[in-house]
2 protein chains.
Amino acid sequence: MKGEADFIAALRAIAHHPAARMLNDDAAVLAIGSETLILTHDMIVEGVHYLPDQDPADIAWKLVATNLSDLAAKGAKPVGVLLGYMLGENDTRFLKGLRDILNTYDVPLLGGDTVSSGGASRTLGLTAIGTATSTTVPSRTAAMPGHGLYVTGRLGAAMMGFEALRNHIPNIDNTVYRRPIPRLTEGQALAPLVSSMMDISDGLLLDSWRLATASNVTLAIKSQCVPIAAPEERRYDALSWGDDYELLFTAASDTSLPVPATRIGEVKERNGAPLLLDSNPISDPAGLGYTHN
Amino acid sequence: MKGEADFIAALRAIAHHPAARMLNDDAAVLAIGSETLILTHDMIVEGVHYLPDQDPADIAWKLVATNLSDLAAKGAKPVGVLLGYMLGENDTRFLKGLRDILNTYDVPLLGGDTVSSGGASRTLGLTAIGTATSTTVPSRTAAMPGHGLYVTGRLGAAMMGFEALRNHIPNIDNTVYRRPIPRLTEGQALAPLVSSMMDISDGLLLDSWRLATASNVTLAIKSQCVPIAAPEERRYDALSWGDDYELLFTAASDTSLPVPATRIGEVKERNGAPLLLDSNPISDPAGLGYTHN
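If you're wondering where the values come from, they're calculated on a predicted model, not measured in any experiment. (Residues numbered from 1 in each chain as written. Chains lettered and ligands numbered in written order. Predicted model: local features only at pLDDT ≥ 70, side-chain atom pairs only at ≥ 80, totals over all residues. Heavy atoms only, no water.)

Chemist: What should I look at first to understand the sheet that holds strand E6 (residues 148-151) of chain A in this one?
Modeler: Strand pairs in the sheet, formed through backbone hydrogen bonds, run parallel or antiparallel to each other. Residue and element names in this part refer to chain A. Ordered in space as E7-E9-E6-E10-E8-E11-E12, the seven strands form an open sheet in which the pairing is mixed. Here the strands that pair on one side only, and so sit at the sheet edges, are strand E7 (196-199) and strand E12 (280-282). This sheet shows a mean twist of 25° between the axes of neighbouring strands, independent of strand direction. In this structure, E7 lies alongside strand E9 (residues 247-251), joined through four bridges in antiparallel fashion. By the bridge assignment, Asp199 is partnered in E9 with Leu247. Packed on one face of the sheet, helix H2 (residues 56-73) meets E7 and E9 and runs near 175° to E7. (Pairing = 2+ DSSP bridges. Helix = DSSP H or I, 4+ residues; strand = E, 2+ residues; numbered from the N terminus. Axes fitted to C-alpha atoms, helices over the stretch in contact; angles between N-to-C directions. Contact = heavy atoms within 4.5 Å.)

So this is what it looks like as structure tokens:
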């Protein structure tokens, strides 16, 4: 067995419960009594997912926000989080960021675990639990040919914020990179109306490729239609950079959308490549976006 | 802020939702629709909670078993787990142990996250989700004076197994140490009948001290009454060694117990120390058992 892809393939053979959705989705979807639970867990590793000198308050925010974004993609209402915390240099700042985001989205901390690092690079984990707010929980697998492809917000703001932070440019806002906003309200409003939905964590192009693959369709994207929050010459970068956490979804063209969103393309029957970018077929996801380690 | 105790104290100030049970319990208890969810998350760190040369199959088993044991202490039926996995040397063996325990207890793998270590010592996390099977979910806070104190099984088997493994003694069974058994059936049978319950993960004495403290009672333990799976001269060691994962509970003396358990003492009104061991008051938990890092 070599690396992540092999391991996940082997895990898939274990995760045969339908709630696991073949490990292909943003979250698990589990019916419990009269409710449908949405469950997601992410780990982040120092030096891999964040830098040792980042403000721990921002790390806490992002750890929670990325998990809440997974809930948003399912139209879920968060009911709580469990934190797996490894003690570090500045735990007080981490707690500050944790409080900030939990208060902002009114999400309770339910429990978790605290460990010492034993000299290891630090690893943090977060489990977010939500409940479905619509009878059909959006998936990645049901994009319908003929439907439009839409995105909320503008892409590239996280990229610009990251570069500003890295290059110490004072006049560009880096908040979106440091403290991304999970689209919970938008996700809940859209969930009953869409044919498929996911959040954009690894870049529009790579995540669109994944959506197309999961749904066995071709997504035709017009790059000029994508709203970007970056200079025009950075358009392609904005489409392949991750960390924006906007929602990507498909819906029938006559759907009256309850939240601002932009039509950036359409869903076609699969014919060749999963992705058509300005009519250019893209079959290989390599280089399309950010692949998380 | 210095270390785990300070951090948890600060976390407690954030975790004010009643479901978090002040972070004093084995798991969070959250009402969702008509069901009550039981949620727990543990992290384990290489070199702290397990040794690099341990069989990854056993590490997987124990990671899941300890979380299922937390569910058992609440009388919960497991509905699934989320795995936070950091890729390592022998992922195939890990998957073997994971399959073993999930099949044994018929628990689905629902999802999670896989990351690479980036050179870090490895950290693994597991979230277990269960549903309550009794209308009252046992806690650590309601031990009642006059009730008896009971334990399932025999204590010290994990200690003997650990020592046999460490010292390469072939004739002593080390299975209980490597692959502890979560008392799920026992927990479900006991939950409606007990006044308090927890699992013994850090040793009978330390965990009894915690139960007494959470319930604000004194627990009087007769050490000779405790069933041990170790030579008599190791009795005190067996009472302070962890990893047995038996259930510790209090119940009215006239309760007809549905599973084998041994009365090892009684609950008294708090008068001085939380613990009386053979009439000797114990106020300070230091040295009583294993404190997890």
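Chemist: Honestly, the sheet that holds strand E5 (residues 123-132) of chain B in this entry has me stumped. Any pointers?
Modeler: Residue and element names in this part refer to chain B. Spatially, the five strands line up as an open sheet ordered E1-E2-E5-E3-E4, and their pairing is mixed. Each edge of the sheet is formed by a strand with only one pairing partner; in this case those strands are strand E1 (28-32) and strand E4 (109-115). Averaged over all neighbouring strand pairs, the angle between strand axes comes to 20°, with direction disregarded. Pairing between strand E3 (residues 76-86) and E5: eight bridges, direction antiparallel. Within the sheet, the bridge partner assigned to Val81 lies in E5 and is Ala128. Where helix H2 (residues 56-72) meets the sheet, its contacts fall on strand E2 (35-45), E3 and E5, and the angle it forms with E2 comes to roughly 145°.

Chemist: Looking at this model, I keep getting lost on the interface of chain A and chain B. Mind explaining?
Modeler: One widely used convention gives an interface's size as the accessible area the parts lose upon coming together. Taken together, the contacts link 61 residues of chain A with 61 residues of chain B. Roughly 4900 Å² of surface becomes buried between chain A and chain B when both sides are summed, with 77% attributable to carbon and sulfur atoms. The tally of links from chain A across to chain B stands at zero salt bridges. Taken together, chain A and chain B are joined by three residue pairs in polar contact (both at pLDDT 80 or more). It is strand E2 (residues 35-45) of chain A that provides the largest number of residues to the side of chain A that touches chain B, a total of eight residues. Split by residue class, the side of chain A that touches chain B holds 34 nonpolar, 21 polar and six charged. (Buried area = accessible area lost by both parts, 1.4 Å probe. Salt bridge = Lys/Arg side-chain N within 4 Å of Asp/Glu carboxyl O. Polar contact = N/O pair within 3.5 Å; in protein donor to acceptor, adjacent residues only side chain to side chain. Nonpolar A, V, L, I, M, F, W, Y, C, P; charged D, E, K, R; others polar.)

Chemist: Help me out: how do you make sense of unusual backbone geometry in this one?
Modeler: One can expect most non-glycine residues to show negative phi and most peptide bonds to be in trans. Residue and element names in this part refer to chain A. Backbone geometry places His168, a non-glycine residue, at a positive phi of 55°. Relative to the elements of secondary structure, His168 occurs in the loop between helix H4 (157-166) and helix H5 (175-178). Looking at His168, the relative accessible area reads 70%, which means it is exposed. (Buried < 20%, exposed > 50% of the residue type's maximum accessible area, 1.4 Å probe, protein only.)

Chemist: What is the right way to look at the packing of aromatic side chains in this model?
Modeler: For any pair of aromatic rings, the description rests on two quantities: the centre-to-centre distance and the angle between the ring planes. By the definition in use, this model includes 14 aromatic pairs over all chains. Centre to centre, the rings of Tyr85(A) and Phe94(A) are 4.5 Å apart; their planes meet at 45°, and the pair counts as tilted. Overall, the relative accessible area of 1% leaves Tyr85(A) in the buried class. Geometrically, the ring pair formed by Tyr85(A) and Phe7(B) is stacked, given 4.3 Å between the ring centres and 10° between the ring planes. One end of the pair, Tyr85(A), is in strand E3 (residues 76-86); the other, Phe7(B), is in helix H1 (residues 3-14), on a second chain. A residue is classified by how much of its surface remains accessible, and Phe7(B), at 0% relative accessible area, is buried. If you follow Lys62(B) out to its NZ or CZ, it ends over the ring of Tyr177(B), 3.8 Å from the centre. (Phe/Tyr/Trp six-rings, centres within 6.5 Å; stacked < 30°, edge-to-face > 60°. Lys NZ or Arg CZ within 6 Å of the ring centre and 35° of its normal.)

Chemist: Honestly, the environment of Val79(B) in this entry has me stumped. Any pointers?
Modeler: You can see Val79(B) is positioned in strand E3. Look at Val79(B) and you get buried, because its relative accessible area is 15%. In sequence terms Val79(B) and Val107(B) are 28 residues apart; their C-alpha atoms lie 6.2 Å from each other. The residues contacting Val79(B), other than those within four sequence positions of it, are Leu30(A), Ile32(A), Pro108(B), Leu110(B), Ile129(B), Gly130(B) and Thr131(B).

Chemist: What should I look at first to understand the packing of helix H3 (residues 91-104) of chain A against H1(B) in this one?
Modeler: Each packed pair of helices is defined by two parameters, the angle between the axes and the distance between the axes. Two elements in contact, H3(A) and H1(B), have axes whose closest approach is 11 Å; the angle formed by their N-to-C orientations is 15°. It follows that H3(A) is roughly parallel to H1(B) by the angle criterion. Seen along the crossing, H3(A) lies across H1(B) with a hand that is right-handed. The residues of H1(B) that touch H3(A), namely those facing Asp91(A), Leu95(A), Leu98(A), Arg99(A) and Leu102(A), are Phe7(B), Ala10(B), Leu11(B) and Ile14(B). Among the residues forming the contact of H3(A) with H1(B), the class breakdown is seven nonpolar, no polar and two charged. (Parallel < 35°, antiparallel > 145°, perpendicular 65-115°, else oblique. Left-handed = near helix turned anticlockwise from the far one by under 90°.)

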